[in-house]
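Remarks on the overall topology
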Amino acid sequence: MGKTKEHTIQVSQMCVDLHKSGNGYKKIATRLHLSISTVRGIIKKFKTTGTVVNKPGRGRQFIFHHAQYKRWAGVA
């Protein structure tokens, strides 16, 4: 899987605003210099969540469970 970049909130909001005004995916993509699949993903995310803000916690998750960490660290 290749690297991905998060688009700014302003770009995502502009994408949603253009879609609400009746523009299609292709027109939005050419105007904002994005791919059509990116525009589709931004609009899909907006329709499901109601916002274009990126969710926190999308990085690597901590591998220890809290109880395991306490045993490993010798706290318990």
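Scroll up for the structure.
In this report, the structure presented in the accompanying data block is examined.

Reading guide: rules and limits
Residues numbered from 1 in each chain as written. Predicted model: local features only at pLDDT ≥ 70, side-chain atom pairs only at ≥ 80, totals over all residues. Heavy atoms only, no water. Helix = DSSP H or I, 4+ residues; strand = E, 2+ residues; numbered from the N terminus. Core = buried A, V, L, I, M, F, W, Y, C linked by side-chain atoms within 4.5 Å. Buried < 20%, exposed > 50% of the residue type's maximum accessible area, 1.4 Å probe, protein only. Contact = heavy atoms within 4.5 Å. Axes fitted to C-alpha atoms, helices over the stretch in contact; angles between N-to-C directions. Left-handed = near helix turned anticlockwise from the far one by under 90°. Nonpolar A, V, L, I, M, F, W, Y, C, P; charged D, E, K, R; others polar. Expected span 1.5 Å × (residues − 1). Arc of directions from axis to C-beta.

1. Quick look at unusual backbone geometry
Phi is positive for H33, close to 60°, though the residue is something other than glycine. As for its position among the elements, H33 is in the loop between α2 (25-32) and α3 (36-49).

2. Thoughts on the nonpolar core
A general tendency of soluble globular proteins is for nonpolar side chains to be buried together. C15, V16, L18, I28, A29, L32, L34, V39, I42, I43, F46 and V52 form the largest nonpolar core, which has 12 residues in total. Those elements that place two or more of their residues in this core are α1 (9-20), α2 and α3. Excluding anything up to four places from it in sequence, L18 contacts N23, I28, R31 and L32.

3. Quick notes on the packing of α1 against α2
Packed helices, taken two at a time, are described by the angle their axes make and the gap between the axes. Between α1 and α2, the shortest axis-to-axis distance is 10 Å and the interhelical angle comes to 145°. Of the two possible hands of crossing, α1 and α2 adopt the one that is right-handed. Across from V11, M14, C15, L18 and H19 in α1, the residues of α2 making contact are Y25, I28, R31 and L32. Of the residues assigned to the contact of α1 with α2, the class counts are 7 nonpolar, 1 polar and 1 charged.

4. Let's talk about α1
Residues spaced three or four apart along an α-helix face the same direction, because each turn holds 3.6 residues. In a regular helix each residue adds 1.5 Å, so 12 residues correspond to 16 Å; α1 covers 16 Å between its end C-alpha atoms and thus fits that length. Taken together, the buried positions of α1 are S12, C15, V16 and L18. Along the axis of α1, the buried positions cluster into a sector of 160°, meaning they face one direction only. The outward face of α1, more than 90 degrees from its buried face, is lined by the exposed residues Q10 and K20. Residues of α1 that are buried in the fold lie against α2 and α3. Where α1 ends, the next residue or the one after it, G22, has phi of about 105°, a positive value.

5. Quick word on the side chain of S12
Mapped onto the secondary structure, S12 falls in helix α1. For S12, a relative accessible area of 6% puts it in the buried group. Contacts of S12, omitting those with residues within four sequence positions, involve H7, I42 and V52.

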